[in-house]
Amino acid sequence: MMRTHSFLTVLLWSSVFYVVHVTPSQKRTNKHSHSERITGISENDGKTLHRTKRGWMWNQFFLLEEYTGPDTQYVGKLHTDQDKGDGNLKYILTGDGAGSLFIIDENTGDIHAAKKLDREEKSLYVLRAKAIDRKTGRQVEPESEFIIKIHDINDNEPKFTKDMYTASIPEMSGVGTSVIQVTATDADDANYGNSAKVVYSILQGQPYFSVDPETGIIKTALPDMSRENREQYQVVIQAKDMGGQMGGLSGTTTVNITLTDVNDNPPRFPQSSYQFSSPESAPPGTPLGRIKANDPDVGKNAEIEYSISNGDGSDMFDIITDKDTQEGIITVKKRLDFENKVLYTLRVEATNTHPDPRFLQLGPFKDTALVKISVEDIDEPPVFSRPWYLIEVDEDAKEGSIIGQVIAQDPDVAKNAIKYSVDRHTDLDRIFNIYSGNGSLFLSKPLDREETPWHNITVIATEISNQIPVFIRILDINDHAPEFANYYETFVCENAKAGQVTADPNINGYSRSKTSTYLLPIIIFDNDYPIQSSTGTLTIRVCACDSRGNMQSCSAEALLLPAGLSTGALVAILLCIIILLVLVVLFTALKRQRKKEPLIISKDDVRDNIVTYNDEGGGEEDTQAFDIGTLRNPEAREESKMRRDVIPETIFQIRRTAPLWENIDVQDFIHRRLKENDSDPAAPPYDSLATYAYEGNDSIANSLSSLESLTTEGNQDYDYLSDWGPRFKKLADMYGGEDSDRD
């Protein structure tokens, strides 16, 4: 008798209890009891057949998918009552996955899963089991079939049918308007737990759109969404299993939503008025300009029709619509005349051709603008008063007689004068002529009706307005040589050296005594063709300067030029000179009135005499007793002085000579003065001391005593002066004795 061994095993995996072997309940057992015996009659031998009671029963086995434990997963155990445990029976497993996915211990009947199983690939396996005797190979139990069902876990996330969805919806749609439905599927078992229960939510796209959590239908969430403000939206939808609970797997998809246009905007002109101009000669149909009303809608919703609603130029102008650019083209409808009217005004209207009745409450879907058109004057040719003229003339009319007159006027506002002429192609014989000023026709030759009874001539009228001023400018050529703008004069110091500026006092390079003035020629060239040149002169004066290069003395002109004296200063200096001259003249007149007494009474006494001047002086250190300016100013000697030792009978004019110290040395100066003194008739006939008042520069001689003594070294004995009497007592006290030295 075979029995079924039942095992109750509980496996804990991912917080879910899975029963691998369940105790067979009464409902799952065989319909026949263990004690039931079925008998029957065989058709072959007619023997009575006994139905053998089965020794095992099969139930469903449940196996966990995606098992990742260290050992093989245990499925169940096969056993028969005839197995005595002596190893004589062998268990064999056949069917789906037998030997590869499922293996059986042939001795014990234990079944294991050899590999990890995936329910989504195969959820049900049907296998057959049998037990045979190892020795005889005979089945001890008939083959029986059983099922292994793979138990599901949540190992698959929801997947959308598309990675990206595209949808559109009209703008201005109401809240809750359906846009599109997205669908996600879960490969897990929908009949077991919540692994395949999907919930939808929106991750991106709020607050504009929403999604139904169960159906996945996307709807609008805001009213009056305008395409003109925003046209494209990107919405991200999430699908999550486990009913959206924590720990569930999820997947996402992107939905691109476009708002389609509706005619919810009227056309609008960007400006209220437009200005155009047209020449009066423009023919009908001439385009003058374009205007455009802006409509933010697109497609047929933006189509506009232009028209002229009113205005004084509605008969003269027209407007047509450019379907490609949605612009209004203003054209000339009739001929214009500047002299008749110079300005026209139009009221242009722009209207939508496909209005949407749903949005008519927003206002009229049209707009108007003012268009002003000014007519430009064109210089039109003169117009004759008639289209043709008929003039009748007697054939005996004399030459020069006026036979008629044509009149033309300038139709323009300017009313220019008209000049008349005869087209000589129509009057080859020059029989007729016309006064150009008034259009009077006169005969130039006699007429002969018998020869030519008709003459057809053409008169041309021309405006006299084409006058233009012509300006002639004379171009310069290089025909003048450059010149100094002013007279230039400068100075150079006596002690300036070559190559240095004039203020450098180191080396003596010039001498006023030799050359006091230099004239430096300077050639001036210009830089044009032909080259012109001229020669200018620079005056350079040699002057005495101090150590810093400042001018000390020079000629009058050299002094005045650098100083830059003004006219007032020159006038003041001139007044001072005049006052000094007046004083000199007065002093000279007073001096001449003084009576001169001779210093020597006796004319016969020509011996050396001592003249008493009653002037004792203060010695060599006394600089106040006499004027030392004579020694410093050589010109003082040149003044005319009268002899003071005789009363002159005749006043001789002293011959003045030019100063010589400017060009000669001291030796020549003394010799010349000596010669002049010898030849002077006013000189005394005896020896006298002549003072030339010129010591020269850098003299090596020592100072002279007041008595002009020749003794230069040591002290001289003046004791003998005390023996000369009381008249020499003063000199004896000054020069004689030790007491005088101490004093």
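Residues numbered from 1 in each chain as written. Predicted model: local features only at pLDDT ≥ 70, side-chain atom pairs only at ≥ 80, totals over all residues. Heavy atoms only, no water.

Chemist: Kindly report on the state of the cysteines, identifying the contributing residues and their values.
Modeler: In total, this model carries one disulfide according to the counting rule given. At a sulfur-sulfur separation of 2.0 Å, the disulfide partner of Cys493 is Cys545. One quick way to see it: the torsion about the S-S bond of Cys493 and Cys545 is about -90°, and its sign makes the bridge left-handed. One end of the pair, Cys493, is in strand S35 (residues 489–493); the other, Cys545, is in strand S37 (residues 533–545), with 52 residues separating them in the sequence. One exposure class covers both Cys493 and Cys545, and it is buried. (Disulfide = S-S within 2.5 Å. Helix = DSSP H or I, 4+ residues; strand = E, 2+ residues; numbered from the N terminus. Buried < 20%, exposed > 50% of the residue type's maximum accessible area, 1.4 Å probe, protein only.)

Chemist: Could you give an account of the sheet that holds strand S13 (residues 164–170), naming the residues involved and the relevant values?
Modeler: Spatially, the four strands line up as an open sheet ordered S13-S20-S19-S16, and their pairing is mixed. The sheet is open, and its two edges are formed by S13 and strand S16 (199–204), each paired on a single side. The mean angle between the axes of side-by-side strands here comes to 30°, regardless of whether they run parallel or antiparallel. Here five bridges tie S16 to strand S19 (residues 232–240), and the two strands are oriented antiparallel to one another. Bridge assignment links Tyr200 to a residue of S19, and that residue is Ala239. (Pairing = 2+ DSSP bridges. Axes fitted to C-alpha atoms, helices over the stretch in contact; angles between N-to-C directions.)

Chemist: Tell me about the sheet that holds strand S24 (residues 317–322), and please be specific about residues and values.
Modeler: Within the open sheet, the three strands sit side by side as S22-S25-S24. Their pairing is antiparallel. Two strands bound the open sheet, and with one partner strand each, they are strand S22 (287–291) and S24. Here the strands of the sheet are splayed against their neighbours by 25° on average, with no regard to which way each runs. Relative to strand S25 (residues 327–332), S22 runs antiparallel, the two being bridged by four bridges. Residue pairing for S25: Arg290 is matched across the bridge by Ile329.

Chemist: Account for the layout of surface pockets, with residues named and values stated.
Modeler: Volume-wise, the second largest pocket comes out at about 760 Å³. Lining the second largest pocket are 26 residues, and of these Tyr389, Leu390, Ile391, His455 and Asn456 sit closest to its centre. The class makeup of the residues in the lining of the second largest pocket is 16 nonpolar, four polar and six charged. (1 Å grid on protein atoms, 1.4 Å probe; cavity = no way out; pocket = protein on both sides within 12 Å on 5 of 7 lines; lining within 4 Å. Points joined across faces, edges and corners; volume = space filled by probe spheres on them. Nonpolar A, V, L, I, M, F, W, Y, C, P; charged D, E, K, R; others polar.)

Chemist: Just give me the short version of the environment of Pro446, but keep the residues and values in it.
Modeler: If you trace the backbone, Pro446 turns up in the loop between strand S33 (440–443) and strand S34 (459–464). Note: C-alpha distance between Pro446 and Lys398 (48 residues apart in sequence) is 6.5 Å.

Chemist: Account for the pattern of salt bridges, with residues named and values stated.
Modeler: Summed over the entire model, instances satisfying the criterion amount to 15 salt bridges. Put simply, Glu231 and Arg227 hold a salt bridge, and the shortest N to O gap is 4.0 Å. Where Asp261 meets Arg227, a salt bridge forms, and the shortest distance between an N and an O atom there is 3.1 Å. In this pair, Asp261 sits in the loop between strand S20 (250–260) and strand S21 (273–279) while Arg227 sits in the loop between strand S18 (217–220) and S19, placing the two residues 34 residues apart along the sequence. Taken individually, Asp261 and Arg227 each receive the classification buried, so the pair is uniform in this respect. Taken together, the shared-partner salt bridges connect Arg227, Glu228, Glu231 and Asp261 into one network. (Salt bridge = Lys/Arg side-chain N within 4 Å of Asp/Glu carboxyl O.)

Chemist: How would you sum up the nonpolar core? Please name residues and give values.
Modeler: The biggest cluster of nonpolar side chains holds 24 residues, and the ones touching the most others in it are Phe269, Ile291, Tyr306, Phe317, Val348, Val371 and Ile373. Among the secondary structure elements, those contributing two or more residues to this core are S21, S22, strand S23 (304–310), S24, S25, strand S26 (343–352) and strand S27 (366–376). Setting aside residues no more than four positions away along its own chain, Ile373 makes contact with Phe276, Ser278, Leu288, Phe317, Ile330, Val342, Leu343, Tyr344 and Leu346. Counting residues in hydrophobic clusters, the runner-up holds 21 residues, among them Phe160, Tyr165, Met225 and Ile237. (Core = buried A, V, L, I, M, F, W, Y, C linked by side-chain atoms within 4.5 Å. Contact = heavy atoms within 4.5 Å.)

Chemist: So what about unusual backbone geometry? Which residues, and what values?
Modeler: The step from Gln206 to Pro207 runs through a cis peptide bond, and the omega angle for that step is 5°. The residue Pro207 is located in the loop between S16 and strand S17 (209–211) in this model. A cis amide bond, omega -5°, links Tyr529 with the succeeding residue Pro530. Mapping Pro530 onto the fold places it in the loop between strand S36 (517–525) and S37. Its identity as a non-glycine residue notwithstanding, Asp224 has a phi of 55°, on the positive side. If you trace the backbone, Asp224 turns up in the loop between S18 and S19. Phi is positive for Gln326, close to 55°, though the residue is something other than glycine. Structurally, the position occupied by Gln326 is in the loop between S24 and S25. With relative accessibility at 13%, the residue Gln326 sits in the buried group.

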